[in-house]
Amino acid sequence: MLLTLLSWIYITAVCLIWGNILLSPFKQLTATGDAPDLPVICLTGLAGIGVLSLAASVLIPLALAAHLIVLVFAIAYILIPTNRKQIIQQLIFIRRMKRLPLLLFSSCALLILVMSTYEIIHPDTLLYHAQAIKVMEQYKAIPGLVHLRYETAMASMWFAVQAIFRFDFIHTNNYLFVNGCVLCWFCLLLCLKLTTADNKQSDAKAITNCQLTPWVLLLIYSTVSWTQLRLTAVSASPDFITSLYIWAAFYSFAQTRSGNNRVYTYLTVLFCCTALTIKLSAIAIALLPLLIVLTLLRQKKIKTALLLTGVSAVIIMPYLVRNTITTGYPLFPSTVVDLFNFDWKLSEPQVQGFQHYIKAYARFPVAGYNEAEQALQLPVSKWLPMWWNQLALPDQLLLCSILALSMHYLIAIRTNIQQQGYTGVVILAVALTGSLVWMIAAPATRFGTGFLIPLCYSVGAGLQNSTLLKKLFKERRVGNVMIIPVILLMVFYIGYRLVYYFKPSQIILPIGVKEPVYKTVNCHKIKFSISDNCGFAPSPCVGGSCEHIIFRGTSISDGFKGK
């Protein structure tokens, strides 16, 4: 726990500095009281580091040299006294947090710390998350990497960030730090929002308390639903992180109504593109920057529109390039963009088979590709009940809430649209589109919460005008009543984890990803690790055997090609 905590502090410091670097063109605007919250600045910095890391991974392994590139920029920025002063002021800002929200954050952080330091046995992390990170640490982008294992070749920015902040170049290890650190930022942001109501009076307090209720509900859902906060803490999964960046994009876009709209417009585009480079399931969020650019063009702000378009291209380009090198398709596992005919390119039927497996497994578990094809042939009347029955109760409640709130929204749709304004309607439209794409493409809840949560908030926004709710939330005690049960829930679950899932050795060091069982074989005089669950086994690692692999040259860096 001690090493994990120190790593979190280091990662937060570096990302906070990088966030300030990326926001430095707006320094005069961010110096006002309308500046982004500290966790938002950290997410901004992490996005910048992710883009740089993914771009570097095309040319070099993400080892010591890549980490030093990130660190040098941070050190150069912090050497300037005015920059140091600004960062200190941002850190001091946290002292405004009231007692109960501070206690809530402490309990959240302790829970994440206890969970993330236990042995990581999540199947996807053992199967390909850890190995994808390991490959990035040891090699530059390998042509035809997809022929070793499809999942390992997907160019997620998140795995590049994990490689940068895993510190394997200092001492070989099986640790993961970034997921838990980002979860702490998420909890800190929610707790900062819960402090706002105490600064209001009378009716204003009632309105603010009512507005803050969704933040409490978001924390409750994220904690209770296994696929959100808890799964992220015990794996290298990018699913919740993708949702988090989508939420950050919607949140930033909602802030463009303020006087500091230039900053938040920039952040909206940054977060949208970042979510897309983490996981392709976020593809619908691309509508948001597109609408922003089209609006700017309509307003004849050509320079700003071109600038944001250029920023988007710079962010997404490393993702497209690395995907093309490792698989032959810029948007793998999609074949929508098929521009190249390299000898390492995976055949289109193989990609479609992989797509079908993902889609079928998102509906309900399937054993293999043949079973996936059979599952996709089922009519909606057959697979929909099977999908619903395998959803966890919190996820079922979320979907039922969306349905009920949508009906309430439609009753007074004209009034609700007028009250929401342009930004509210855009958020609703994009969230609805994303939710529909999710339901059609791969309806596993963990893939869709980035859109489902904003959709739930948008269709439920009209409830804030309820006279009954305003009276209910007028008393300060109501805010406490919302927070105290959440704290007790956190404390109870911490105790549960300490009793059943804790070892004394965790106090100093995390246990890390489960050590893989593998054997080493020689294929064409090159060593391969053979394992069904590669984990952090020496790269390259394949399942079964290496007999099917065809080399493009004499070394791993030359890549592989299909038969």
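Remember, it's a predicted structure, so these values are computed and weren't measured experimentally. (Residues numbered from 1 in each chain as written. Predicted model: local features only at pLDDT ≥ 70, side-chain atom pairs only at ≥ 80, totals over all residues. Heavy atoms only, no water.)

1. Regarding the overall build of the protein chain
Scanning the protein chain from N- to C-terminus turns up 23 helices and five strands. For a compact globule of 563 residues, the expected C-alpha radius of gyration is about 24 Å, and the protein chain comes in at 24 Å, within 12% of that figure. Dimensions of the protein chain, computed from the C-alpha atoms along their principal axes, are close to 75 × 60 × 60 Å. Of the contacts formed within the protein chain by residues at least 6 apart in sequence, a portion of 70% connects residues at least 24 apart. Element-wise, carbon and sulfur atoms account for 66% of the exposed surface of the protein chain, whose accessible area totals about 25,000 Å². Across the protein chain, the 43 positively charged side chains and the 21 negatively charged ones have centroids separated by 11 Å. (Helix = DSSP H or I, 4+ residues; strand = E, 2+ residues; numbered from the N terminus. Rg over C-alpha atoms; globule rule 2.2 N^0.38 Å. Contact = heavy atoms within 4.5 Å. Areas by Shrake-Rupley, 256 points an atom, 1.4 Å probe, with all protein chains shown as cover. Lys, Arg positive; Asp, Glu negative; His and termini not counted. Charge placed at Lys NZ, Arg CZ, Asp CG, Glu CD.)

2. Quick look at the pattern of salt bridges
Per the counting criterion, the structure on display carries eight salt bridges. With its nearest N and O atoms 2.4 Å apart, the salt bridge here joins Asp-239 to Lys-279. Highlighted residues: Asp-239 in helix 12 (residues 239-254) and Lys-279 in the loop between helix 13 (261-278) and helix 14 (287-298), separated in sequence by 40 residues. When salt bridges with common partners are traced through the structure, they connect Lys-134, Glu-137, Arg-166 and Asp-168 into a single cluster. (Salt bridge = Lys/Arg side-chain N within 4 Å of Asp/Glu carboxyl O.)

3. Side note on helix 13
With 18 residues, helix 13 should reach 26 Å at 1.5 Å per residue; the first-to-last C-alpha distance of 26 Å fits that figure. Of all 18 residues in helix 13, 16 are buried, a share of seventy percent or more. (Expected span 1.5 Å × (residues − 1). Buried < 20%, exposed > 50% of the residue type's maximum accessible area, 1.4 Å probe, protein only.)

4. Brief notes about the pairing of strand 2 (residues 526-530)
Counting buried residues in strand 2 gives four out of five residues, a clear majority hidden from the surface. Looking at chain direction, strand 1 (residues 519-523) and strand 2 are connected through five bridges and run antiparallel. Across the sheet, residue Lys-519 finds its bridge partner in strand 2, namely Ile-530. Here strand 1 folds back onto strand 2 in antiparallel fashion, the turn holding two residues, of which His-524 has a positive phi close to 55°. The pairing of strand 2 with strand 3 (residues 541-542) spans two bridges and is parallel. Counterpart to Ile-530 in the pairing with strand 3 is Val-542. (Pairing = 2+ DSSP bridges.)

5. Overview of helix 5 (residues 81-92)
Think of an α-helix as 3.6 residues a turn; residues three or four steps apart then line up on the same face. Compared with an ideal rise of 1.5 Å per residue, which puts twelve residues at 16 Å, helix 5 spans 17 Å between its outermost C-alpha atoms and is within 8% of the ideal. Taken together, the buried positions of helix 5 are occupied by Asn-83, Gln-86, Ile-87 and Gln-90. Taken end-on, helix 5 shows its buried residues confined to a sector of 95°, consistent with a single buried face. Across helix 5 from its buried face, at more than 90 degrees, point the exposed residues Pro-81, Thr-82 and Lys-85. (Arc of directions from axis to C-beta.)

6. Topic: a nonpolar patch on the surface
Among the surface-exposed residues, Leu-287, Leu-290, Leu-291, Leu-294, Leu-297, Ile-302, Leu-306 and Tyr-422 lie close enough to one another that they form a single nonpolar patch of about 720 Å² accessible area. Every element with two or more residues in the nonpolar patch is listed here: helix 14 and helix 15 (302-327). In terms of residues, the nonpolar patch owes the most to one element, helix 14, which gives five residues. Relative to the assigned elements, Tyr-422 resides in helix 20 (residues 413-441). (Patch = residues over 30% accessible without salt bridge, like charges linked within 9 Å, V, L, I, M, F, W, Y side chains within 5 Å.)

7. Looking at the environment of Leu-288
Note that Leu-288 resides in helix 14. If sequence neighbours within four positions are ignored, Leu-288 has contacts with Ala-249, Phe-250, Phe-253, Thr-268, Cys-272, Val-426 and Val-430.

8. Concerning empty space enclosed by the protein
A probe as big as a water molecule, rolled over the atoms, marks out the empty space that is left. One pass over the structure, following the stated rule, counts four cavities of 30 Å³ or more. There is about 60 Å³ of room inside the largest cavity. Lining the largest cavity we find Thr-4, Trp-8, Ser-116, Ile-120, Leu-176, Phe-177, Val-178, Asn-179, Gly-180, Ala-233 and Ser-235. Elements with a minimum of two residues in the lining of the largest cavity: helix 1 (2-23) and helix 9 (178-195). Among the elements that line the lining of the largest cavity, the one with the most residues is helix 9, at three residues. Here the residues of the lining of the largest cavity are counted per class, giving six nonpolar, five polar and no charged. (1 Å grid on protein atoms, 1.4 Å probe; cavity = no way out; pocket = protein on both sides within 12 Å on 5 of 7 lines; lining within 4 Å. Points joined across faces, edges and corners; volume = space filled by probe spheres on them. Nonpolar A, V, L, I, M, F, W, Y, C, P; charged D, E, K, R; others polar.)

9. A short note on the packing of aromatic side chains
For the structure on display, the rule yields 28 aromatic pairs. Arranged with centres 5.1 Å apart and planes meeting at 40°, the rings of Phe-26 and Tyr-266 form a pair that is tilted. Remark: Tyr-266 occurs in helix 13 and Phe-26 occurs in the loop between helix 1 and helix 2 (27-30); sequence separation between them is 240 residues. Members of the aromatic cluster, joined through ring pairs, are Tyr-10, Phe-165, Phe-167, Phe-169, Tyr-175 and Phe-177. Positioned above the aromatic ring of Phe-536, the side-chain terminus of Arg-166 is 3.9 Å from the ring centre. Here Arg-363 stacks its cationic end above the ring of Trp-383, 3.9 Å away from the centre of that ring. (Phe/Tyr/Trp six-rings, centres within 6.5 Å; stacked < 30°, edge-to-face > 60°. Lys NZ or Arg CZ within 6 Å of the ring centre and 35° of its normal.)

10. Digging into the sheet that holds strand 1
Strand order across the open sheet formed by three strands is 1-2-3, with mixed pairing between neighbours. Taken across any chain shown, the strands that pair with only one partner, and hence form the sheet edges, are strand 1 and strand 3.

11. Looking at the state of the cysteines
Going through the model one piece at a time under the given rule, you end up with one disulfide. Note on cysteine connectivity: Cys-534 is disulfide-linked to Cys-541, with sulfurs 2.1 Å apart. Disulfide Cys-534-Cys-541: the torsion about the S-S bond is -85°, which places it as left-handed. We note that Cys-108 lacks a disulfide partner, and the nearest cysteine sulfur, in Cys-187, lies 4.0 Å from it. We classify Cys-108 as buried; its relative accessible area is 1%. (Disulfide = S-S within 2.5 Å.)

12. Structural notes on the confidence of the model for the protein chain
Averaged over every residue, the pLDDT of the protein chain is 89; residues scoring 70 or more account for 92%. Low pLDDT, under 50, characterises residues 197-207; the predicted model gives this stretch 18 contacts beyond four residues in sequence or across chains. (pLDDT = per-residue confidence, 0-100.)

13. Digging into the side chain of Ser-7
With respect to the helices, strands and loops of the structure, Ser-7 is situated in helix 1. Look at Ser-7 and you get buried, because its relative accessible area is 5%. If sequence neighbours within four positions are ignored, Ser-7 has contacts with Phe-167 and Phe-177.

14. Here we look at the side chain of His-147
Checked against the element boundaries, His-147 lands in the loop between helix 7 (123-138) and helix 8 (157-164). The exposure class of His-147 is buried, given its relative accessible area of 12%. Once residues within four sequence positions are removed from consideration, His-147 is found in contact with Trp-344, Lys-345, Leu-346, His-548, Phe-560, Lys-561 and Gly-562.

15. A look at unusual backbone geometry
Along the chain, Phe-332 connects to Pro-333 via a cis peptide bond; the corresponding omega equals 10°. Note on placement: Pro-333 falls in the loop between helix 15 and helix 16 (348-363). Here the amide bond leading from Ser-539 into Pro-540 is cis, since omega sits at 0°, within 30 degrees of zero. Summarising the element assignment, Pro-540 is placed in the loop between strand 2 and strand 3. Residues other than glycine seldom take positive phi values, yet Phe-167 does so here, at roughly 60°.

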